[in-house]
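Secondary and tertiary structure notes
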Amino acid sequence: MSVEESLKPLFSAITELKPSFIDRLSQAVSIPSVSSDESLRPKVFEMAEFLKSQLITLGAEDIQMRDLGIQPPPVVDPKLQLPPIVLARFGQDPAKKTILVYGHYDVQPASIEDGWATEPFTLVQKDDKLIGRGSTDDKGPVIGWLNSIEAHRKVGLELPVNLVCCFEGMEESGSLGLEELVAQESDKYFKGVDAVCISDNYWLGTKKPVLTYGLRGCNYYQITVSGANADLHSGVFGGIIHEPMTDLFKVMSQLVDVKGNILIPGVNEMVAPVTAAEDKLYDPIEFSAEELSQAAGADTGYFDDKKDILQHRWRFPSLSLHGIEGAFSGAGAKTVIPAKVVGKFSIRTVPDMDSDKLDQFVFDFVKAKFAELGTKNKLNVELIHGGAYWVSDPFNDNFTAAANATKLVWGVDPDLTREGGSIPITLTFEQELKTGVVLLPMGRGDDGAHSINEKLDVPNYIEGVKTLSAYLHYYAAGAK
Ligand SMILES: NCC(=O)N[C@@H](Cc1c[nH]cn1)C(=O)O
Ligand SMILES: [Zn+2]
Ligand SMILES: [Zn+2]
């Protein structure tokens, strides 16, 4: 029987199981597993337990909750435990190929005050959209793998491959501890893995599916400026002391200009030039600048040209200022001088940037700019976490299986894209397991990951489960 024939009952089952799949996602979204918020760490653990219970119900073998110990500094609680890596297997048949699927069960912070139209940790279905934090990033895809297993069981169809699951709870906070675990387990739990599939990315737009072969890296920094040992009255101390926030603003404002150019010497010089052959890869990609503005909710882009937009998103570094801890940020007019402020920013990295050199350029520049201020305040600049960029060859059996699956479900050949975001563990899987990695997305480019009103369209969720399932079958059948 052809792969397409054998998938027909499975696809029907996936369609029928839609209500229970939505319910499973709803349960997952209701757990606010925000890895960057120390007060919510118990919820990240609860989410790991939820996955474990689901895996048990679905008949997984060898489920392991791998303890990663205590989170390294900078942290407020020095005893803060890292959430576990959830490992599980479905099948260990030596006659079958083995696929490792990775996803993350932690999410970005979200609160209704940020401007959400609905409670972020309650999955709300409006029209054909499933709205809630983590719906697309990355609970939808993680639950999607579980749904696929449920559908196989329902129709009595054997999984065509051995499936190894690796779900982490710190992806949004730098994947702390995972790299070491993957290296340790490359010859143990992950022995025999033939290919890796990650579903933690998005279509470029809203209509055409893609497969992704590149990611930017991300080095995340913080600058701490401290002065007095308590917040002060600006009427009493304003004008007579060095203010930490003024110093921090001055330094942070010199990192990047208003056109997005990084101003730290040495950084841009490390970027590999775009070759003519590479430049041509952008020509066939379907892209709408208008859709991008719609996804951003405003027409505030630097560029109009497709290649400029895509290359600056995927192929060049960027520096973003994220926030200031310790600063007054509420409503009203509090007349305070904050005693200590911590500025956060990150740099998205690309080939051939060297992460250690980048750190050094950043530290030297920040210290030099601070020294120029002649302030009596104190400075500390540090890396919170770093994750590598990744670029692969998109022409191999793994990509072919994902392309066939996408074509079968969506009826079109996917575009080959890169992403501006980061999934720190991708390069580690490739290097440690010596296998190819494919990024097979479920959601659309306007899903609003990390933003307010994050959503996953119902068709993307349900057809996405079919796509993930078909990928396993095509991979098992070998390249066509
Ligand atoms: N869906 C992938 C994703 O959102 N990745 C994060 C990873 C990250 C890196 N540093 C902090 N988080 C991203 O921001 O790209
Ligand atoms: Zn993600
Ligand atoms: Zn994310």
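Remember, predicted model here, so these are calculated numbers, not experimental data.

The strand order across the open sheet formed by three strands is β4-β5-β18, and the pairing between neighbours is antiparallel. In this open sheet, the two strands that pair with only one neighbour each are β4 (124–126) and β18 (455–457). Averaged over all neighbouring strand pairs, the angle between strand axes comes to 25°, with direction disregarded. Relative to strand β5 (residues 129–131), β4 runs antiparallel, the two being bridged by three bridges. In the strand pairing of β5, Q125 is matched with L130. Each of β5 and β18 touches helix α14 (residues 458–477); the most contacted strand, β18, lies at about 65° to it.

Attention now goes to the pairing of strand β13 (residues 340–349). For β13, the tally of buried residues reaches eight of ten residues, placing the bulk of the element in the interior. Across ten bridges, strand β9 (residues 217–226) lies against β13 in antiparallel orientation. The residue of β13 that forms the bridge with Y220 is S346. Strand direction decides the pairing type here: strand β11 (residues 318–325) and β13, joined by seven bridges, are antiparallel. Residue pairing across strands places G323 opposite K344, the latter belonging to β13.

Another aspect to go through is the UniProt feature "binding site: Mn(2+) 2" (unreviewed entry) in the protein. With numbering aligned to this structure, UniProt lists the feature "binding site: Mn(2+) 2" (unreviewed entry) at H104, D137 and D200. Maximum C-alpha separation among the annotated residues is 8.1 Å over a sequence range of 97 residues, consistent with a single clustered spot. Within the fold, H104 resides in strand β3 (residues 98–104). Setting aside residues no more than four positions away along its own chain, H104 makes contact with D138, F167, E168, G169, E171, E172 and D200. The class for D200 is buried, based on 27 C-beta atoms found within 10 Å.

Bringing the domain arrangement of the protein into the picture now. One can read the domain layout of the protein as domain 1 (3–215 + 389–477) and domain 2 (217–271 + 316–387). The distance between the C-alpha centroids of domain 1 and domain 2 comes to 34 Å. Between domain 1 and domain 2, the contact holds ten residues from the first and twelve residues from the second. Its residues placed into classes, the side of domain 1 that touches domain 2 shows five nonpolar, five polar and no charged.

As recorded in UniProt, the feature "binding site: substrate" (unreviewed entry) lies at D200, H233, T335, R348, S422 and H450. For this annotated set, covering 251 residues, the C-alpha atoms extend up to 46.6 Å from each other, a dispersed arrangement in space. H233 sits in the exposed class, given 10 other C-beta atoms within 10 Å. Its location among the elements puts T335 in the loop between β11 and β12 (336–337).

Thresholds, definitions, all that
Residues numbered from 1 in each chain as written. Chains lettered and ligands numbered in written order. Predicted model: local features only at pLDDT ≥ 70, side-chain atom pairs only at ≥ 80, totals over all residues. Pairing = 2+ DSSP bridges. Helix = DSSP H or I, 4+ residues; strand = E, 2+ residues; numbered from the N terminus. Axes fitted to C-alpha atoms, helices over the stretch in contact; angles between N-to-C directions. Contact = placed C-beta atoms within 7 Å. Buried ≥ 20, exposed ≤ 12 C-beta atoms within 10 Å, placed from the backbone. UniProt positions renumbered as here; feature names shortened; annotations may be inferred. Domains from an automatic or database assignment. Nonpolar A, V, L, I, M, F, W, Y, C, P; charged D, E, K, R; others polar.

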